[in-house]
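# Summary of the model geometry
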Amino acid sequence: MAVEYDVVVIGGGSGGLVVAGVAAALKAKVALVERDRLGGDCLWYGCVPSKSLIHASRVAYEVKHASRFGILCNDNKIDFAKAIGHVQSAIAAIEPHDSPQRFESLGAEVIFGSGEFVDPHTFVVNNRRLSARTFVIATGSRPAIPSIPGLQLAGYITNEEVFEITDRPDTLGIIGGGPIGCELGQAFARLGSQVTIISSSDRLLPKEDPEAAAVVQQQLISEGIRILTKTRVERVEVVNGQKYLIAKNEKIAVDQILVATGRNPNVESLNLKAAKVELQQDAAGYNQQGDQKGIRVNAKLQTTNPRIYACGDVIGGYQFTHVASHEANVIIRNALFLPILKVDYRVIPWATFTDPELARVGLTEAEARQRYGNNIDVIIQEYADVDRAQAEAATQGFAKIITKRNGEILGAHIVGAAAGELIHEIVLAMSHKLKISALGGIHIYPTLAEVISKAAFARTQERYEKNHTLQGLLEKMFRLLRSLG
Ligand SMILES: Cc1cc2nc3c(=O)[nH]c(=O)nc-3n(C[C@H](O)[C@H](O)[C@H](O)COP(=O)(O)OP(=O)(O)OC[C@H]3O[C@@H](n4cnc5c(N)ncnc54)[C@H](O)[C@@H]3O)c2cc1C
Ligand SMILES: NC(=O)c1ccc[n+]([C@@H]2O[C@H](COP(=O)([O-])OP(=O)(O)OC[C@H]3O[C@@H](n4cnc5c(N)ncnc54)[C@H](O)[C@@H]3O)[C@@H](O)[C@H]2O)c1
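Residues numbered from 1 in each chain as written. Chains lettered and ligands numbered in written order. Predicted model: local features only at pLDDT ≥ 70, side-chain atom pairs only at ≥ 80, totals over all residues. Heavy atoms only, no water.

## Digging into the overall build of the chain
Short version of the rule: Runs of H or I in DSSP of at least four residues are treated as helices and runs of E of at least two as strands, each being numbered from the N terminus. We take the radius of gyration over the C-alpha atoms and set the globule estimate at 2.2 Å times the residue count to the 0.38 power. Burial here depends on accessible area, computed with a 1.4 Å probe over protein chains only, as a share of the maximum for the residue type. Under 20% is buried, over 50% is exposed, and the range in between is partly exposed.
Along the backbone of the chain there are 14 helices and 21 strands. In terms of overall dimensions, the chain is globule-like: its C-alpha atoms have a radius of gyration of 25 Å, near the 23 Å expected for 485 residues. The dimensions of the chain, computed from C-alpha atoms along their principal axes, are 95 × 65 × 40 Å. Burial analysis of the chain (485 residues in total) assigns 51% to the buried set.

Here's what the structure looks like:
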């Protein structure tokens, strides 16, 4: 039976827009269904606003600490509403790229509405039955809210509201010490809020290399942020209009509560059962709040209905914009042409944009030891030994590179200035299976990127220092050469 579309994409965010845009450009017949506005979390409530607020807060921090460079800034006031204005103008500048007009001009049909599957081949939206060769579910995720007594009554905000408040809370309680809690906690503290981060895990950023995460945690503490780890908020009370977080027999007064305790997939309204699309067996990729499960996919990103694909936060795993578009690119090939391509998660980088930044690719040291025992090398290069870092007083942090004994790079963790930019050199090396020696090539002096070439050189040096045979041979050779004149 003939169908109307080559592909119907459900969800117009980081993953869905890539599928819809490229498929339309390839002249496939595409419908893009979105229940709200195009752009998804990344544009409206995630990457774009958070990085914009972080930038404003960084300027505030630099101004406050400018006197160490002999720059005296008196009367440095913070206009919080203007900082939020910067956030909104960054969104407005990027939004046209994700606008319905742009996708329509590419040839996609954009349909606003929240629909559902009625059978394995049909999605109904606004009473229209959309039949297609293939479907892509890219409906993303939403904040998971812990069931803390009193929280609903007291009121709280999540990443969906935080970028729209124009009154800076004098005191801010953040529940959750993951990337959202850390990035926004530091930003608000730098913009003048008294911030307390409460996390159930034993340290901030529990998914990251412990030594690297400790550098970030120490910086946050040094900026006056109070951090309570291994702590759960037991209840929330409101007394005479004042909110209190009750944790470990302590009553913490806060003006505002930001919840950042992980995500839940957006699957409920889609009637997946009718489409024979199953969820995962466990909450893989979602944290302990993630009582709901993401969509189950195979390596080709097909759901349990092979005509229906899924990508991005809705399948759990790595919840990043660039991963959603990486997966979308696999789906385009499989859904439009032949379903043969498998998604490759071997080299997936990400960064947490605190100051210092923390960037990662590949295995942690613990994961590498688990897989390869002690047959690995771990190289640590401090920023303090990099001249440019000294010049910019950005000496905090290090690059840690983990390799097999033969030099194959297994993982890297950089905590320090511009870590999110510097990691890409290692990403490229890993993607092309280059060994660590490849990172030792010429680097511009003086740049922060030398933290990587120095790490590579440190490994060569370390191996040379252990190679007494080679040292002995060289000694003999030079003695001989001298004797010959
Ligand atoms: C505060 C914050 C900061 C972040 N910072 C970063 C960062 O710096 N770097 C990074 O890589 N990642 C970051 N992320 C993660 C990133 O935003 C997500 O991983 C990414 O947006 C996921 O893309 P997606 O396509 O799966 O979902 P989304 O981009 O959220 O798109 C899902 C779309 O589906 C729509 N939708 C939902 N249900 C339906 C339905 N039933 N019918 C139709 N449409 C529907 C939604 O309205 C939305 O438009 C951040 C996230 C947050 C919350
Ligand atoms: N720079 C980036 O790329 C970036 C930035 C922000 C968010 N993100 C994405 O968004 C996702 C969600 O971020 P997140 O920070 O909400 O989630 P997360 O799952 O990464 O971290 C949640 C944290 O909250 C803690 N927690 C959970 N329940 C708790 C409770 N009841 N009380 C106290 N603490 C509790 C956990 O121990 C953990 O430390 C991330 O996984 C990431 O993929 C990415």
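And the narrative resumes.
## Considering the pattern of salt bridges
Threshold: We define a salt bridge as a side-chain nitrogen of Lys or Arg found within 4 Å of a carboxyl oxygen belonging to Asp or Glu.
The full count for this structure, using the stated rule, is 29 salt bridges. Put simply, glutamate 4 and arginine 128 hold a salt bridge, and the shortest N to O gap is 3.5 Å. Residue glutamate 4 is found in the segment before β1 (5-10), and its partner arginine 128 is found in strand β6 (residues 128-137); the two are separated by 124 residues along the sequence. Residue classification places glutamate 4 among the partly exposed positions, given a relative accessible area of 33%. We note a salt bridge from arginine 235 to glutamate 237, for which the minimum N-O separation is 3.0 Å. A relative accessible area of 23% means that glutamate 237 is categorised as partly exposed. Residues joined in a network through salt bridges with shared partners are Arg58, Glu62, Arg68, Arg190, Glu223 and Asp355.

## Here's the deal with the environment of leucine 172
Stated precisely, the cut-off is as follows: We call two residues in contact when some of their heavy atoms are within 4.5 Å.
Here leucine 172 is to be found in strand β8 (residues 171-175). On the accessibility criterion, leucine 172 (2% relative accessible area) is buried. Along the backbone, leucine 172 and valine 19 are 153 residues apart, and their C-alpha atoms lie at a distance of 39 Å. Apart from residues lying up to four places away in sequence, leucine 172 is in contact with Phe188, Ser193, Gln194, Val195, Thr196, Val254, Gln256 and Leu258.

## Remarks on the sheet that holds strand β19 (residues 376-382)
Rule in force here: At least two DSSP bridges between two strands are required for those strands to pair. Helix axes are fitted to C-alpha atoms over the stretch in contact, other axes to C-alpha atoms as well, and angles between N-to-C directions run from 0 to 180 degrees.
The sheet built from five strands is open, its strands ordered β17-β18-β21-β20-β19 with antiparallel pairing. For this open sheet the edge positions go to β17 (349-352) and β19, each flanked by a neighbour on one side alone. Along the sheet, successive strands turn relative to each other by an average axial angle of 10°, direction set aside. Set on the sheet, helix α8 (residues 210-222) makes contact with β18 (357-362), β19, β20 (398-404) and β21 (409-416); between it and β20 the angle comes to about 170°. Seen against the sheet, helix α12 (residues 419-431) touches β17, β18, β20 and β21 and runs at an angle of roughly 10° to β18.

## Examining the site of ligand 1
We count it as follows: In these notes, residues near a molecule or strand are those with any non-hydrogen atom within 4 Å of it. Polar contacts, as counted here, are pairs of nitrogen or oxygen atoms within 3.5 Å of one another; within protein the pair requires one atom able to donate a hydrogen and one able to accept it, and residues that are adjacent in sequence qualify only if both atoms are side-chain atoms. What sets the accessible areas is the Shrake-Rupley method with a 1.4 Å probe; for residues, cover comes only from the shown protein chains. Side-chain classes are defined by residue name, with Ala, Val, Leu, Ile, Met, Phe, Trp, Tyr, Cys and Pro counting as nonpolar, Asp, Glu, Lys and Arg as charged, and the others, Gly among them, as polar.
Near ligand 1 there are 36 residues, and of these Gly15, Glu34, Lys51, Asp313 and Thr321 occur at the shortest range. Within the backbone of glycine 15, an N or O atom sits 2.8 Å from an oxygen atom of ligand 1. Measuring from an oxygen atom of ligand 1, one finds a side-chain N or O atom of lysine 51 at 2.7 Å. In isolation ligand 1 offers 1000 Å² of accessible surface; the protein chains occlude 93% of this area. Those elements that place two or more of their residues in the shell around ligand 1 are α1 (14-25), β2 (30-34), α2 (40-44), α3 (47-64) and α9 (321-336). Here the shell around ligand 1 is composed, by residue class, of eleven nonpolar, 17 polar and eight charged.

## Quick notes on the confidence of the model for the chain
The criterion, for reference: You can read pLDDT as the predictor saying how much it trusts each residue, on a scale of 0 to 100.
Per-residue confidence for the chain gives a mean pLDDT of 96; residues scoring 70 or more make up 98%. Confidence metrics for the complex model read pTM 0.96 and ipTM 0.98.

## Here's the deal with the nonpolar core
The line we're drawing: Side-chain atoms within 4.5 Å are what join buried Ala, Val, Leu, Ile, Met, Phe, Trp, Tyr and Cys residues into a set we call a nonpolar core.
Counting 49 residues, the largest nonpolar core has Val8, Val30, Phe117, Ile137 and Ile295 as its most contacted members. Considering every element that reaches this core, the biggest residue donor is α9, with six residues. The next biggest cluster of nonpolar side chains, apart from the first, holds 41 residues, and it includes Trp44, Tyr45, Val48 and Ile54.

## Some thoughts on the UniProt feature "domain: Pyridine nucleotide-disulphide oxidoreductase dimerisation" (unreviewed entry) in the chain
Stated precisely, the cut-off is as follows: UniProt positions are given in the numbering used here, feature names are shortened, and annotations may be inferred rather than shown by experiment.
Under the UniProt annotation, "domain: Pyridine nucleotide-disulphide oxidoreductase dimerisation" (unreviewed entry) lies at residues 348-455. In this annotation, residues 348-455 is assigned 30% helix and 30% strand; the end-to-end C-alpha distance for the span is 21 Å.

## Let's talk about the UniProt feature "binding site: FAD" (unreviewed entry) in the chain
The positions that UniProt labels "binding site: FAD" (unreviewed entry) are, in the present scheme, Lys51, Gly115, Thr139, Gly140, Ser141 and Asp313. Judged by maximum C-alpha separation, these annotated positions cover 263 residues in sequence and are scattered in space, the widest gap reaching 32.2 Å. As for its position among the elements, lysine 51 is in helix α3. Given the relative accessible area of 28%, lysine 51 is considered partly exposed. The contacts of lysine 51, once residues within four sequence positions are left out, are Glu183 and Phe353. Structurally, the position occupied by threonine 139 is in the loop between β6 and β7 (141-143). Among residues more than four places away in sequence, those in contact with threonine 139 are Ile10, Asn266, Leu270 and Val314. Here the side chain of threonine 139 touches asparagine 266 through a polar contact of 2.6 Å, landing on its backbone oxygen.

## Regarding the sheet that holds β8
On the basis of which strands lie adjacent, the open sheet formed by four strands has the order β10-β9-β8-β14 and parallel pairing. Bordering the open sheet on either side are β10 (226-228) and β14 (256-259), each of which pairs with just one other strand. If you compare each strand with its neighbour and ignore which way they point, the axes differ by 20° on average. Direction of pairing for β8 relative to β14: parallel, over a ladder of four bridges. Bridge pairing in β14 links glycine 173 to isoleucine 257. The strands touched by helix α7 (residues 179-190) within the sheet are β8, β9 (194-198) and β14, with β9 carrying the most contacts at an inclination of about 165°.

## Let's talk about the packing of aromatic side chains
Defined as follows: Stacked, tilted and edge-to-face pairs are distinguished by plane angle, under 30 degrees for stacked and over 60 for edge-to-face with tilted covering the rest, among Phe, Tyr and Trp rings (Trp via its six-membered ring) whose centres lie within 6.5 Å. Whether a charge lies above a ring is judged from NZ of Lys or CZ of Arg, which has to be within 6 Å of the ring centre and within 35 degrees of the ring normal.
If you walk through the whole model with that rule in mind, you get six aromatic pairs. Judged by centre distance (5.7 Å) and plane angle (35°), the ring pair of tyrosine 318 and tyrosine 345 falls under tilted. Placement of the pair is tyrosine 318 in the loop between β16 (308-310) and α9 and tyrosine 345 in the loop between α9 and β17, with a sequence separation of 27 residues. The class for tyrosine 318 is partly exposed, based on a relative accessible area of 30%. Taking the relative accessible area as the measure of exposure, tyrosine 345 reaches 29% and is therefore partly exposed. Ring pairing ties together the aromatic residues Tyr318, Phe320, Tyr345 and Trp350, which thus form one cluster. Positioned above the aromatic ring of tryptophan 44 is the side chain of arginine 37, whose terminal nitrogen or guanidinium carbon lies 3.7 Å from the ring centre.

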